[in-house]
Structures are given as C-alpha cells and as structure tokens.
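Listed below are the residues making up each chain.
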Amino acid sequence: MKQYIKWQIREWLPVFFVTFLLFGIAFLVPSSINEVGNTRNAQTNLESIGVTFSVAVMIFPLFALDYRYKKSKADTFMQAPFKERQLRTSRLLIGLIGILILFTLIYICGVLIIYFRQLNASSSYFYHYEYYVAAYFFLILFGGIEYFISASIASFSDNVIDAIFLLLVVNTIRTLLFSSFTSYYSAILDVYCGMYTYTGIEFFTLAPSFYAPGVYSDFCFSSLILGNEIGDAFFGNEHALFYTSLCIYLVMGLASFFYIFMSKEPSGEHAGSNGPRNAAISLLPHLSYILFSIWFIAITYSLPVILWACYFVFAILEYCILAFYHRSFKLPKLSFLYLGVSYLLIFMATLLVSVK
Amino acid sequence: MIELLNVCKHFEKVDAIQHLSLTFEKGITGLVGHNGAGKSTLLRLIAGVCHLDEGNIVVDGKENDSKESKQKVFFLPDDPYLPMFAKLEDAVQLYSSFYPLDQEKFYSYIKDFHLPEREKISTYSKGMKRQLFLALSFSIDASYYLLDEAFDGIDPFMLEKIKEEILKEREKGKTIIISSHNISSLEKIVDRFVILVNGKLARNGEMETLSKDFRKVQFMCKREISLEALCALSLHPLSLKKIGSLYHLVISSNELEEAKKRIHAVYSPSLLEEVSIDSEEMIRLEMLAAREEQR
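None of these values were measured; they are calculated from a predicted model.

Turning to the overall build of chain A, a few remarks are in order. Counting secondary structure elements, chain A contains 13 helices and 0 strands. In sequence order, chain A lays out its α and β elements as α-α-α-α-α-α-α-α-α-α-α-α-α. Taking all contacts inside chain A whose residues are at least 6 apart in sequence as the whole, residues at least 24 apart take part in 80%. Summed over all atoms, the accessible surface of chain A reaches about 16400 Å², with 73% contributed by carbon and sulfur.

Shown next as structure tokens:
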C-alpha cells in the first residue's frame, strides 16, 4: 500500500501544483495588493480563498474516484491486492490531505503577508488575528465535510460526465430545498414566510450558504477580523438560516463520511457506463427540476405570460437534460413516469400562481 | 487451485454467467466461446473486479476478493490501463506499486520482443502494446495469470515467441487461463479447454477427451445431399459441407458406424472414409453442439 500511495501522490503532482497556484492567486495576490488597515476599504481577502477552497474540495473527489470512471482503469485498479474499500479510502484521503496541506501553506503565507504589511505601515492598527486562526479551523472543518459530501455524490456515478452532472443536480437541490417552497408559499399566499423567503439577489447570495457554510462564514469572520461585532455580519433572519443550514450540513457530512468509509465498493461492471446505476438516482434530476421551477414561478408570479412560456421551455429543457443523462432520447419507462409526474406538479403550481 | 461453485452473474436483462461450477488446475487452460459467451466476465469475476450475484470463487482456499487471493492472481484485461503519455518506466512504476515485479526480467522481455524503450507507449501499435502487457504480466510474481484475449493483434512470428514464454511459466507450476475467440492461437499450448456458451459451461476437458466426441466422414457422391436428407435417415449430423463432389459430414462418435452403413446403403458413394478433425475445428464443433443442445 505504501508504494501505491507514493505512486498516487506522484501521479497527482500536476493537479496539486495547479491547485496550489489557484490558492496562491486567490489569497497571496490580493493579500499583497489590497488595502489592509483601519479604513473603510480594508479587506481580509478571506472570501476569495474561502470560495476557491470550497470549489477545490467539491471537485477533487472526481480525481479520487476516477478509477471507477473508465472500464480499463477499473479493471487495473480494482483487481489490486488491497483490502476491501482500501483503494477508495486511501485515494480520498490522499486527495483531502493534499488539499489541506496546500491550503494551510497558502493560508499561513497570506496571513503573514498581511501581518508584515500592517507591521510596516505607519498606522498602529492591527487586525484581530485570532479570528484568522478561527476562520482557518472553520474552513478546514467545512472543507472536509464538503469533500466527503461531494465524494459520496460522485460515487453514485460511473463516468466523469455523470459525476459532474450529479454534483450539479444535487447542489441545485441543496440550494433550492427551502427557498423554492417558502418563496412559493409566499407568492401564492401573499404572506411573509420568514427566514427562507429569499428571491433574486438575496437568493443567490444566501442560498449557497446552505451547501457551503464555509463560504458564508468568510463574511462573518472577515467582519470579526476587522473588529466589528458578529451581529454586523448577519442581517435579520440570516442568523437562523445560518444555524439551520449548519446543522443540516453537519448531519449530511456525517452521513457522507460513514457512507464513504463503510459502504461496499460497487461492482466493477458498471465502471465507465453511462446513465444512472439505480432508480433512486434517476429521480434526482426530476427533483432538481421541480424545485427550480417552483422557485422560478415564485419569483416571476406577477407576470403570468412569462410564467406559462417558462413552463413549456422548462418542460422541453428537462426532457433534453434527461436525454443527455441517459445518452438517448428514448427514455426508460421509469423516467417517463417521473417526467409525467413532475410536468403535472409544475403545471398545477403554475396554474395556481397564474390564477392568483 | 481456483474453484468456482455455482457462480452466477446477471447484467440487467442478460444472464452473463449461469450456475457455473468449475475448477482451474495447474497448467494452461484455454477459455473459449463465441462473442458474449461470458469469457471476460468470468475472468473479471475471478480477479475480483466484479461482484458475484450468487455462488463462490475460492483461490487456494480463500475467497477471491480477499487480499491474500488477489496477491496471487494477476488479470490482464483486453484493454489494460496506462497513464497518459506513459513510458515503459511509468508502466513498471504503476504495476510494481500493486505487485512484486521483477524489473530485470521485464526489460529482458522488452529486448526479446524488440520493443522501443524510450518511446511513449501511446505510439506503440496494438500488437506491441499487447506484447508489453504480456511482458509485464510474466514479470509479476503471481501464481495465477488470467489473460483476456491475450494474443490479439500479435503477428505470427512474435506469437510463437510468446507461446514459448508461456510454456516456460507453465513449467514453473503456474496456472494460466487464456481466453480467446481465436481458437487457432491457443493450439499446441493449452492443456485443457473450457468452452462457454451463453454463460453456461458447455464442455470442459483435455483436448484428447474432447476429440473423442465427434467424427468426420468424407464421401464422394454425384447426388445432391442435404442435412435434412441425412436427418431423414434417422441420423443426427452436426454439419455437412460440400467441396466439389466431396462431402464432409461431422457426426457424434457413437453414430459413426450407423451413419457409414446408411450412407453406403442409400447413396452408394464411390468413396467413404473417416478423416481426422483438427483441434480448432473440434472446439468449433463442441461450441456448435453445445449451442444446439441449449436450444
């Protein structure tokens, strides 16, 4: 196993190098250029490294699991004399540890750059550096969780295109889960539905916090580093949204962790094949479509003509997306059934809002 | 010894392997069957790449997907993986990270096979790649070698050389299973054949045993004779071919004498004699007979 780990690290060196460069561009460059100090324009640069790190931990499991995405690779790697699950877990851990080391290096260098710039500045103002340390631990904790969530999603697919597709679909579901239904109730009942009623710009800035609290937390820690109160980082119900999403996120992370380390490795005959491995997975694109449509209906409810036009456009779009997923316009019977149910649901939702 | 006990594997609507019980002993076994017969699936099951739906595969008394078993088995798939832009040393590094690999032996094979050492493997021809992987296989210290379509794309001159190397491995007491749909390529090196038809074991045995199953008769006759006409004589011919006015009839061994008598009586051929069947045709006939039986 030791020899294999060495080989795998050598094989991933180019990927690690690119990741290192991206982290550097995201943190070291702005840390050297942006204004640091006691001014209105002062920046901690946590947002850029936070987002880059979050994206990296979402994408890297695709490299870790790519031995299953090609028949030839599966034949070679899955016959290797390792204990059950050892190949998958070792590849995932090599990837995670690699990213964490790169992130730590860049983070320390970036913070040191900011520190020395402040040290050499004429002002005696210093950031609250203890929150840089807190932000670091927060980010690596949620980076790790996000890594295992992405790994467990990607492990349900048998080729890289399907893996990317599944990651997009599941992340859409995670993003829209609360916002779509609460926005919809708000649209038809004309009432304020509390903390999850976000539309438009608010939706795009806050909904991602549901799947990556690490990203949203950057705003919070930035505020603390600059010497503001924690209350200044959140507005209104954002506190509740943040803590709710945090809990769900931790549960998802824990479930993913156990799934990856305890579940049996799928049989190699699926490796490299197209389409969903089981019926439950083929339900996900429909769910994503239903949530997206409901959310869209909610934000455009005042314009019924656009609403109906969108209904038909989305219906065609969903069919095309499914055809892509199955690599054929002739969909399986079960997919047609799901398709019919989702069309009916969206039709009724559109009808309700347009009548209103 | 590799033992298969009631092994089953299904792919959605296809029964790839059906209730297969079989033992692979030391020596060389030719695994033959038509396309889609289940040869590659069987090898992938033994190597632990695919999971069994039913049954058991045991390698020297241990489950085939255990670490101990996997250390003893090396599977060479029909399309093995190599990293992009890989050279020979990259291939060696990858495979030696999984198995104990004798690099000296590997490079001596590479010289024997006249493979370019410094070029990227992606520039090799199909046959050259196959030679490279066979060189890798026999440099790995395993007890069981599963070679899927081992001789694909290899020229006849090199094939003889490779067969010699395989025979040397047999002398060392290794178990080698070679799957192929090209029966002639297995001639002279295999000790026994396993014939798969539609995922079922059709025949299994040494060549001498198999060759006793069928007989070939050639006879010369001016009249037109069809397979149906012979069936009408209460015979069960497996095949009938006409070359000029000479007929070649294949029939099961126990019907041979009866067939000779009836053909003589009905058609009065100017020539009627038994001829030998070569091993390639014998295997083909066994496959044909097994298919007929399954129907």
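After that view of the structure, there is still more to cover.
Before going further, it helps to spend a moment on the overall build of chain B. From N to C terminus, chain B includes 10 helices and 14 strands. Burial statistics for chain B: of 295 residues in total, 52% are counted as buried. In chain B, 67% of the contacts between residues at least 6 apart in sequence involve partners at least 24 apart.

Listed as interface residues are 28 residues of chain B and, on the opposing side, 24 residues of chain A. Summing both sides of the interface, chain B and chain A together bury roughly 2400 Å²; the carbon and sulfur share of this comes to 56%. One can count 3 salt bridges joining chain B with chain A. Here D75 of chain A ties to R44 of chain B by a salt bridge, and the two come within 2.7 Å at their closest N and O atoms. Linking chain B to chain A there are 9 residue pairs in polar contact (both at pLDDT 80 or more). Residue assignment for the side of chain B that touches chain A shows that the elements contributing at least two residues are β1 (2-11), α1 (39-47), α2 (67-72), β6 (73-76) and α3 (88-96) of chain B. Examining the composition of the side of chain B that touches chain A, we find that 5 residues originate from one element, α3 of chain B, more than from any other.

Residues and elements named next belong to chain A. Here chain A averages 80 in pLDDT, while 82% of its residues score no lower than 70. For chain A, helix α7 (residues 200-206) is the element with the lowest average pLDDT, namely 43, and helix α4 (residues 86-120) is the one with the highest, namely 92. Taken as a whole, residues 193-211 scores under 50 in pLDDT and shows 56 contacts with residues more than four places along the chain or in a different chain.

Residue and element names in this part refer to chain A. With respect to the helices and strands, N45 occurs in the loop between α1 (2-33) and α2 (46-64). What makes N45 buried here is its relative accessible area of 3%. Discounting chain neighbours no more than four positions away, the residues touching N45 are A26, F27, P30, S31, N34 and I114.

Moving on, we come to the packing of aromatic side chains. Residues and elements named next belong to chain A. Tallying each qualifying case throughout the model produces 45 aromatic pairs over all chains. Judged by centre distance (5.5 Å) and plane angle (5°), the rings of F16 and F60 are stacked. Taken together, the residues span a long stretch of sequence, with F16 in helix α1 and F60 in helix α2 at a distance of 44 residues. When the centroid spacing of 6.0 Å and the interplanar angle of 65° are considered together, the rings of F165 and F324 count as edge-to-face. Highlighted residues: F165 in helix α6 (residues 160-189) and F324 in helix α12 (residues 304-326), separated in sequence by 159 residues. For F165, a relative accessible area of 9% translates into the label buried. An aromatic cluster is built from F23, F27, F53, F103, Y107, Y115, F116, Y127, Y129, Y132, Y136 and F137, whose rings are joined through pairwise contacts. R91 extends its terminal NZ or CZ atom over the ring of F77, reaching a point 5.4 Å from the ring centre.

This part covers the packing of α1 of chain A against α2 of chain A. Residue and element names in this part refer to chain A. Relative to each other, α1 and α2 sit at 170°, their axes nearing to 8 Å. With respect to their mutual orientation, α1 and α2 come out roughly antiparallel. For α1 against α2, the interelement crossing comes out right-handed. Contacts between α1 and α2 involve W12, V15, F16, T19, L22, F23, A26, F27 and P30 from the former and L46, S48, I49, T52, F53, A56, F60, F63 and A64 from the latter. For the contact of α1 with α2, the class distribution of residues is 15 nonpolar, 3 polar and no charged.

We now examine the sheet that holds β1 of chain B. To summarise the sheet geometry, strands pair through backbone hydrogen bonds and adopt either a parallel or an antiparallel arrangement. Residue and element names in this part refer to chain B. Taken in spatial order, the 4 strands of this open sheet run β2-β1-β4-β5, and their pairing is antiparallel. Where the open sheet ends on each side, the last strands, each with one partner, are β2 (14-24) and β5 (62-63). As paired strands, strand β4 (residues 54-59) and β5 are joined by 2 bridges and run antiparallel to one another. Directly across from V59, in β5, lies its bridge partner K62.

Ranked by internal contacts, the top residues of the largest apolar core, which has 157 residues, are Y132 of chain A together with I2, L4 and I178 of chain B. Of the residues forming this core, the biggest block, 13 residues, is contributed by helix α5 (residues 130-154) of chain A. Discounting residues that sit within four places of it in the chain, I2 of chain B has contacts with L22, T23, F24, I46, I57, V58, V59, Y144, L146 and I177 of chain B.

Before going further, it helps to spend a moment on the pattern of salt bridges. Across all of its chains, the model carries 20 salt bridges over all chains by this definition. A salt bridge links D66 of chain A to K73 of chain A, with the nearest nitrogen and oxygen atoms 2.9 Å apart. A salt bridge links K172 of chain B to E169 of chain B; the shortest N-O distance between them is 3.2 Å. Through salt bridges with shared partners, one network takes in K71 and D75 of chain A together with R44 and D78 of chain B.

Here we take up the sheet that holds β6 of chain B. All names here are of chain B. Here we have 6 strands laid out as an open sheet, ordered β6-β7-β8-β3-β9-β10, and mixed in their pairing. Every interior strand has two partners, whereas the edge strands, β6 and β10 (200-206), have only one. Adjacent strand axes in the sheet meet at a mean angle of 15°, parallel and antiparallel pairs treated alike. In this structure, strand β3 (residues 27-32) lies alongside strand β9 (residues 192-197), joined through 4 bridges in parallel fashion. Residue pairing in the sheet places L31 in a bridge with V194 of β9.

What counts as what
Residues numbered from 1 in each chain as written. Chains lettered and ligands numbered in written order. Predicted model: local features only at pLDDT ≥ 70, side-chain atom pairs only at ≥ 80, totals over all residues. Heavy atoms only, no water. Helix = DSSP H or I, 4+ residues; strand = E, 2+ residues; numbered from the N terminus. Contact = heavy atoms within 4.5 Å. Areas by Shrake-Rupley, 256 points an atom, 1.4 Å probe, with all protein chains shown as cover. Buried < 20%, exposed > 50% of the residue type's maximum accessible area, 1.4 Å probe, protein only. Buried area = accessible area lost by both parts, 1.4 Å probe. Salt bridge = Lys/Arg side-chain N within 4 Å of Asp/Glu carboxyl O. Polar contact = N/O pair within 3.5 Å; in protein donor to acceptor, adjacent residues only side chain to side chain. pLDDT = per-residue confidence, 0-100. Phe/Tyr/Trp six-rings, centres within 6.5 Å; stacked < 30°, edge-to-face > 60°. Lys NZ or Arg CZ within 6 Å of the ring centre and 35° of its normal. Axes fitted to C-alpha atoms, helices over the stretch in contact; angles between N-to-C directions. Parallel < 35°, antiparallel > 145°, perpendicular 65-115°, else oblique. Left-handed = near helix turned anticlockwise from the far one by under 90°. Nonpolar A, V, L, I, M, F, W, Y, C, P; charged D, E, K, R; others polar. Pairing = 2+ DSSP bridges. Core = buried A, V, L, I, M, F, W, Y, C linked by side-chain atoms within 4.5 Å.

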